[in-house]
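Listed here are the chains, written in short residue letters.
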Number of protein chains: 2
Amino acid sequence: MNDSRIIDVANRAGVSVATVSRVLNGSNLVSGKTKSRVMQVIEELNYTPNAAAKNLRSKRSMTIGVVVSDIEVSYYAEIIKGIENMANSLHYNVIICDAQNQKEKEAGYVSLLQNRTVDGMIFVTPFLSNQELVALVEDGFNVAVVGRLIEHSDIPCIHTDNVKIAIDVVSHLIEQGHERIAFLSGYADAIDSYERLEGYMKALRGANLPFIPDLIENGDFNEDGGYQAFLRLLGKKASFTAIFAANDEMALGVYLACKELSISIPEQLAVVGVDNIRITKYVTPRLSTVEQPKYTMGALLAEKLIDRMNEDVYHDQRVFCVESKLLIRESSSFSRKQ
Amino acid sequence: MNDSRIIDVANRAGVSVATVSRVLNGSNLVSGKTKSRVMQVIEELNYTPNAAAKNLRSKRSMTIGVVVSDIEVSYYAEIIKGIENMANSLHYNVIICDAQNQKEKEAGYVSLLQNRTVDGMIFVTPFLSNQELVALVEDGFNVAVVGRLIEHSDIPCIHTDNVKIAIDVVSHLIEQGHERIAFLSGYADAIDSYERLEGYMKALRGANLPFIPDLIENGDFNEDGGYQAFLRLLGKKASFTAIFAANDEMALGVYLACKELSISIPEQLAVVGVDNIRITKYVTPRLSTVEQPKYTMGALLAEKLIDRMNEDVYHDQRVFCVESKLLIRESSSFSRKQ
DNA sequence: TATTTTTTTGAAATCGATATCATTTTGTTT
DNA sequence: AAACAAAATGATATCGATTTCAAAAAAATA
């Protein structure tokens with residue numbers, strides 16, 4: 001264990017703790033001679049400063065906490081890597097908290113982070129409501145959010161242009177000759193859901209196609225939810241030849257149902273998802289989807305958050321919107337035009 | 001921000017900080033009356049103790065650090081969930097450090113954890129050598145390791161019976177009528193690799209089949225490494241009808257190469273992997289693999305580590321070996337017997 | 001009621017760092 | 001060499017909790 005303290009270093013080097021502290025923190029008001037002697041002693045004793053003491057006194061931990069709803073989802077894992085690498089390069093450490101899809105667990109982590117005196121928090125989760133986030137800010141915490149836009153607040157947010165995503169997907173399907181396109185949405189109240197719905201409707205309107213409410217069904221962003229929602233959609237008997245799933249997981253649920261019902265993709269049904277999770281390249285047929293710059297989103301947001309933490313005044317941009325890219329693969333490349 | 005301190009609570013409640021501390025820590029030498037008054041004030045001020053101060057004084061953080069080589073690998077994610085839930089239920093928090101497959105990054109996290117005064121560390125990574133782990137222990141840290149066995153040490157370890165895994169897989173292939181079975185190993189020096197090689201050889205011997213050194217090739221546990229190693233294997237011209245990959249990622253590499261070379265699985269080549277990662281169920285044909293009780297491994301190890309941290313003397317079991325289960329799916333269910 | 005025991009409480013030291021302010025040392029200028 | 005400025009160092013308060021030890025209050029006993 002590291003049982004040497006700053007005072008041990010000071011004694012051994014024949015200086016005061018203040019001087020050692022200066023050396024430790026790279027102050028320039030210490031002579032080169034003293035500095036090298038202290039550093040040598042630090043080396044000899046294999047001394048490392050006690051973080052608790054340091055945090056207590058300096059009131060900062062050079063750590064940011066990341067709360068993620070489920071690390072097992074590779075989509076999130078990628079974002080976290082972006083956050084982590086950017087934070088590290090700015091000399092910050094990252095603590096990852098996995099809420100495991102449980103709201104209570106998430107709440108527990110939030111209070112853990114509050115107590116742990118992390119200098120900032122990034123939320124990559126749909127559970128915490130906007131109000132709760134704003135409350136955290138009002139409580140004095142540095143908060144940032146990826147994946148959604150918090151209106152009427154000062155919270156740095158990074159999100160994708162969901163309307164454009166939906167327009168891209170639906171336009172592509174229309175181009176392939178589809179006229180009745182179902183939309184498998186996520187949670188009805190998730191911003192992703194209704195923004196994509198908006199894009200979906202826009203694209204239909206743009207192509208002079210009717211909007212059929214029966215072709216909309218809500219899921220929960222998970223595979224099983226997609227499966228169930230798809231079955232409900234089929235139950236409605238409003239026929240459709242293509243389906244736009246709000247994310248890849250739900251699209252996988254559609255795949256599963258199609259397999260069981262012997263519906264062939266893409267001949268009988270074209271499917272497009274969103275997120276470009278790894279599995280999409282391994283399923284047959286490969287799933288058309290939308291690539292989001294996940295890593296970049298994480299990195300950019302981390303940078304902005306840390307910037308803000310270190311400036312007293314900032315007039316910087318708060319909301320960031322990144323571009324996504326439609327990846328056309330086999331699941332949607334059967335043209336119905338002749 | 002939580003700016004109220006213990007002394008604020010004390011003043012407002014008209015007691016000393018010692019008393020508040022007692023209430024906070026559930027000491028039973030405080031009267032019921034005082035206790036409820038203090039608790040009410042805590043509530044009113046929305047007070048939470050400062051973790052840095054607490055850690056500094058009590059020299060424990062009720063936190064364990066988990067170093068994982070790559071959170072994006074769902075295999076690890078599952079283990080972490082096990083660790084986390086067990087730790088939480090024992091009132092410990094978990095800090096996840098993602099080494100992103102970089103040894104230096106891992107080293108950085110190790111020193112971070114050392115300073116952060118986590119009470120214990122769990123390593124889910126192949127990078128840190130046994131020596132380095134032992135050094136950590138000698139330095140006074142509570143360390144535990146998942147996925148390998150550290151000999152001549154007191155480190156709690158949890159691992160699977162790799163020999164049995166290999167025997168199960170190879171015996172299954174032999175039963176299907178295969179006589180020339182290639183083994184796509186991982187890093188040559190990884191314990192998983194040579195234990196599985198041992199099982200592979202044992203199974204062959206048991207069936208009176210010859211051991212052909214040319215049928216062994218090493219990869220790196222990743223998809224691309226599996227792809228490359230498989231190509232090298234093909235280059236050797238020692239023919240084989242089945243392949244046992246040291247993990248699923250490498251088996252996916254084999255799938256990729258087979259697709260490019262129009263080798264059909266399982267008719268021309270049977271493939272079996274290990275780990276049962278999610279993708280195995282989505283590829284065509286579904287990949288036969290070996291399920292490891294990942295969640296249980298994480299949970300059990302966390303429990304043992306925390307037990308040890310809290311006991312001065314322990315004569316408890318140190319090494320845990322969990323059972324794995326072969327999952328036969330389509331990639332290996334084409335029988336060559338007639 | 002006086003005395004002893006038990007229960008509650010508080011004062012103050014402590015954990016190990018940082019940061020302020022005073023002081024000493026060194027270097028410059030006249 | 002004297003006077004002053006600048007650079008380097010140290011003594012000490014401080015962060016906010018826990019913990020020890022002593023003191024006070026309450027309860028039990030004589």
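Refer to the preceding data block for the structure.
Residues numbered from 1 in each chain as written. Chains lettered and ligands numbered in written order. Predicted model: local features only at pLDDT ≥ 70, side-chain atom pairs only at ≥ 80, totals over all residues. Heavy atoms only, no water.

Digging into the overall build of chain A
Using the following cut-off: Secondary structure is summarised from DSSP: a helix means a run of H or I of at least four residues, a strand means a run of E of at least two, and numbering begins at the N terminus for each. Just to be clear, the radius of gyration here is over C-alpha atoms, and the globule rule we use is 2.2 Å times residues to the power 0.38. Contact criterion: two residues are considered in contact whenever any of their non-hydrogen atoms come within 4.5 Å of each other.
Along chain A, the regular secondary structure elements total twelve helices and twelve strands. The C-alpha radius of gyration computed for chain A amounts to 26 Å, which surpasses the reference 20 Å derived for 338 residues by more than 25%, pointing to a less compact arrangement than a globule. With the principal axes as the frame, chain A shows a C-alpha extent of 90 × 40 × 35 Å. Relative to all contacts within chain A whose residues are 6 or more apart in sequence, the contacts with residues 24 or more apart total 68%.

With respect to the protein's contact with DNA strand D
Defined as follows: Working definition: residue near molecule or strand if any one of its non-hydrogen atoms lies within 4 Å of it. Pairing of N or O atoms within 3.5 Å defines a polar contact, subject to two protein rules: one partner must be a possible hydrogen donor and the other a possible acceptor, and residues neighboring in sequence count only if both atoms are side-chain atoms.
By nearness alone, 29 residues border DNA strand D, and Arg22, Thr34 and Arg57 of chain A together with Ile6 and Ser21 of chain B come closest of all. Sugar and phosphate atoms constitute 59% of the interface atoms of DNA strand D, taking the interface as everything within 4 Å of the protein. Between DNA strand D and Thr34 of chain A, the relevant distance is 2.3 Å, taken from a phosphate oxygen to a side-chain nitrogen or oxygen of the residue. One of the side-chain nitrogen or oxygen atoms of Asn25 of chain B is found 3.0 Å away from a phosphate oxygen of DNA strand D.

Let's talk about the packing of aromatic side chains
Using the following cut-off: Stacked, tilted and edge-to-face are the three classes applied to pairs of Phe, Tyr and Trp rings, where Trp contributes its six-membered ring and a pair requires centres within 6.5 Å; stacked means planes under 30 degrees apart, edge-to-face means over 60, and tilted covers the rest.
Counted by the stated rule, this structure contains twelve aromatic pairs over all chains. Ring pairs connect the aromatic residues Phe183, Tyr200, Phe211 and Phe244 of chain A, which therefore count as one cluster.

A few points about the sheet that holds strand E8 (residues 242-245) of chain A
Residues and elements named next belong to chain A. Filter applied, for reference: Only strands joined by at least two bridges in the DSSP assignment are considered to pair. With axes taken as lines fitted to C-alpha atoms, and helix axes fitted only over the stretch in contact, angles between N-to-C directions fall between 0 and 180 degrees.
The four strands are arranged E7-E6-E8-E9 in an open sheet whose pairing can be described as parallel. Since the sheet does not close on itself, it has two edges, and those belong to strand E7 (216-218) and strand E9 (270-272), each with one partner. Within this sheet the neighbouring strands show an average axis-to-axis angle of 20 degrees, counted without direction. Relative to E7, strand E6 (residues 181-185) is paired through three bridges, and the arrangement is parallel. Considered in E7, the bridge of Phe183 is made with Ile216.

Regarding the protein's contact with DNA strand C
Going by this rule: Ten residue types, Ala, Val, Leu, Ile, Met, Phe, Trp, Tyr, Cys and Pro, are classed as nonpolar, four, Asp, Glu, Lys and Arg, as charged, and the remainder, Gly among them, as polar.
Taken together, 29 residues lie near DNA strand C, and Ile6 and Ser21 of chain A together with Arg22, Thr34 and Arg57 of chain B sit nearest. Within the backbone of Ala53 of chain A, an N or O atom sits 3.4 Å from a base nitrogen of DNA strand C. A distance of 2.5 Å separates a base oxygen of DNA strand C from a polar atom in the side chain of Arg22 of chain B. Sorting the residues of the surface near DNA strand C by element identifies helix H2 (17-24) and helix H4 (51-58) of chain A together with helix H2 (17-24) and helix H4 (51-58) of chain B as the ones contributing at least two each. A class-by-class count of the residues in the surface near DNA strand C yields twelve nonpolar, ten polar and seven charged.

Brief notes about the relation of the copies chain A and chain B
What counts is decided by this rule: Residues reaching a pLDDT of at least 70 in both copies supply the C-alpha atoms on which the copies are superposed by least squares.
Overlaying chain A with chain B gives an RMSD of 0.1 Å, the required rotation being 180 degrees about an axis along which the chain moves by 0.0 Å. Between the two chains, the operation in question is that of a two-fold axis. Closest approach to the rotation axis among the C-alpha atoms of chain A is made by Ala52 of chain A, whose C-alpha sits 2.3 Å away. Both copies share a contact surface, since 100% of the interface residues of chain A are interface residues in chain B too.

Some remarks on helix H11 (residues 248-261) of chain A
All names here are of chain A. The condition is simple: Multiplying one less than the number of residues by 1.5 Å gives the expected span of a helix. We call a residue buried when its accessible area falls under 20% of the maximum for its residue type, exposed when it is over 50%, and partly exposed in between, using a 1.4 Å probe and counting protein chains only.
Between its terminal C-alpha atoms H11 stretches 20 Å, which fits the 20 Å expected from 14 residues at 1.5 Å a residue. Within H11, ten of the 14 residues are buried, which leaves it mostly tucked inside the rest of the structure. When we look at burial in H11, the residues that qualify are Asp248, Glu249, Met250, Ala251, Leu252, Gly253, Val254, Tyr255, Ala257 and Cys258. Looking at the buried residues of H11, the elements they touch are E6, helix H10 (223-235), E8, E9 and strand E10 (289-291).

Describing the interface of chain A and chain B
So the rule is basically this: Defined in terms of a 1.4 Å probe, buried area is the accessible area two parts forfeit on being brought together, summed over both. Salt bridges are defined by distance alone: a side-chain nitrogen of Lys or Arg within 4 Å of a carboxyl oxygen of Asp or Glu.
Each side of the interface is counted separately: chain A has 46 residues, and chain B has 46 residues. For the pair chain A and chain B, the summed buried surface comes to about 4400 Å²; carbon and sulfur atoms form 47% of the total. Inspection of the region where chain A meets chain B yields eight salt bridges. A salt bridge links Lys81 of chain B to Asp70 of chain A; the shortest N-O distance between them is 2.6 Å. Joining chain A to chain B, the criterion identifies 19 residue pairs in polar contact (both at pLDDT 80 or more).

Describing the packing of helix H8 (residues 162-175) of chain B against helix H9 (residues 191-206) of chain B
All names here are of chain B. Put simply, the test is: Our angle categories are set so that under 35 degrees counts as roughly parallel, over 145 as roughly antiparallel, 65 to 115 as roughly perpendicular, and the remainder as oblique. Should the near helix be turned anticlockwise from the far one by less than a right angle, the crossing is left-handed, and should it be turned clockwise, the crossing is right-handed.
The contact between H8 and H9 brings their axes to 7 Å, and the two run at 40 degrees. With respect to each other, H8 and H9 are oriented oblique. For the element pair H8 and H9, the recorded crossing hand is right-handed. Residues Asn162, Val163, Ile165, Ala166, Ile167, Val170, Ser171 and Ile174 of H8 lie in contact with H9, whose contacting residues are Asp192, Glu195, Arg196, Glu198, Gly199, Tyr200, Lys202, Ala203 and Leu204.

Overview of unusual backbone geometry
A cis amide bond links Ile265 of chain A with the next residue in sequence, Pro266 of chain A, at an omega value of 5 degrees. Checked against the element boundaries, Pro266 of chain A lands in the loop between H11 and E9. Positioned with a positive phi, Lys237 of chain A is a non-glycine residue whose angle comes to about 65 degrees. The residue Lys237 of chain A is located in the loop between H10 and E8 in this model. For Lys237 of chain A, a relative accessible area of 74% corresponds to the exposed category. A positive phi is found at Met62 of chain B, a non-glycine position, where the angle reads about 55 degrees.

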